[in-house]
Amino acid sequence: MNNQSIEYQAREYLFDLNNAAKENGFKADERWKVSLATAAEKEVIEKNYYPTISTEVVPEVLSEMFRIVKATLSQALDSLEKTLDEKSATENKLQYVIAYNPNRLRR
């Protein structure tokens, strides 16, 4: 997959985040927490928070797409995220980029 495709996927995901924030009445100070997740972690996050926006990404492009999304949202990468590559994504079974607002618990 080339860079343009990864950037396009990231733009689509960011578009979805923006729409979901508007649809759910996010205030100016409310932010998405964006993270990587396995299928099981994604399920837990979706059970605990609303709204959540996730997308499944192949390991080959996961780290680059994640970095683009975090950079666009002006969110810093933590030390584990900085070292993420295709091999570590595969080993850790990471396959989703998921966003949620930690202050919006599912009722």
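Rules and cut-offs
Residues numbered from 1 in each chain as written. Predicted model: local features only at pLDDT ≥ 70, side-chain atom pairs only at ≥ 80, totals over all residues. Heavy atoms only, no water. Pairing = 2+ DSSP bridges. Helix = DSSP H or I, 4+ residues; strand = E, 2+ residues; numbered from the N terminus. Axes fitted to C-alpha atoms, helices over the stretch in contact; angles between N-to-C directions. Contact = heavy atoms within 4.5 Å. Salt bridge = Lys/Arg side-chain N within 4 Å of Asp/Glu carboxyl O. Buried < 20%, exposed > 50% of the residue type's maximum accessible area, 1.4 Å probe, protein only. Phe/Tyr/Trp six-rings, centres within 6.5 Å; stacked < 30°, edge-to-face > 60°. Lys NZ or Arg CZ within 6 Å of the ring centre and 35° of its normal.

Observations regarding the sheet that holds strand β3 (residues 96-100)
Logical step 1: Taken together, the three strands give an open sheet; going across it, the order is β1-β3-β2, and neighbouring strands pair in antiparallel fashion. Looking at the sheet topology across the chains shown, the edges are occupied by β1 (33-37) and β2 (52-56). Taken pair by pair, the neighbouring strands of this sheet meet at an average axis angle of 20°, ignoring direction.
Logical step 2: Judged from the five bridges that link them, β2 and β3 form a sheet pairing that is antiparallel. Within β3, the residue paired with S54 across the bridge is I98.
Logical step 3: Along the sheet face, helix α2 (residues 39-48) touches β1, β2 and β3 and points at about 15° away from the line of β3.
Logical step 4: The sheet contacts of helix α3 (residues 59-72) involve β1, β2 and β3, and relative to β1 the element is tilted by about 170°.

Considerations on the pattern of salt bridges
Logical step 1: Applying the stated criterion across every chain yields a total of five salt bridges.
Logical step 2: A salt bridge links R104 to E30, with the shortest nitrogen-to-oxygen separation between them at 2.9 Å. Within this pair, whereas R104 is found in the segment after β3, its partner E30 is found in the loop between α1 (3-23) and β1, the two being separated by 74 residues in sequence. Comparing R104 with E30 shows no difference in burial state: the two are buried.
Logical step 3: Here E81 makes a salt bridge to K70, at a shortest N to O gap of 3.5 Å. Of this pair, E81 sits in helix α4 (residues 79-82) while K70 sits in helix α3; the two residues are 11 residues apart in sequence, bridging distant segments of the chain. Each of the two residues, E81 as well as K70, counts as buried.

Describing the pairing of β3
Logical step 1: Burial analysis of β3 places five of its five residues in the buried class, which makes it a mostly covered element.
Logical step 2: Of the two faces of β3, the one lined by Y96, I98 and Y100 and the one lined by V97 and A99 are each fully buried.

With respect to the packing of aromatic side chains
Logical step 1: Summed over the entire model, instances satisfying the criterion amount to two aromatic pairs.
Logical step 2: Over the face of the ring belonging to Y96 we find K42, whose NZ or CZ atom lies 5.0 Å from the ring centre.

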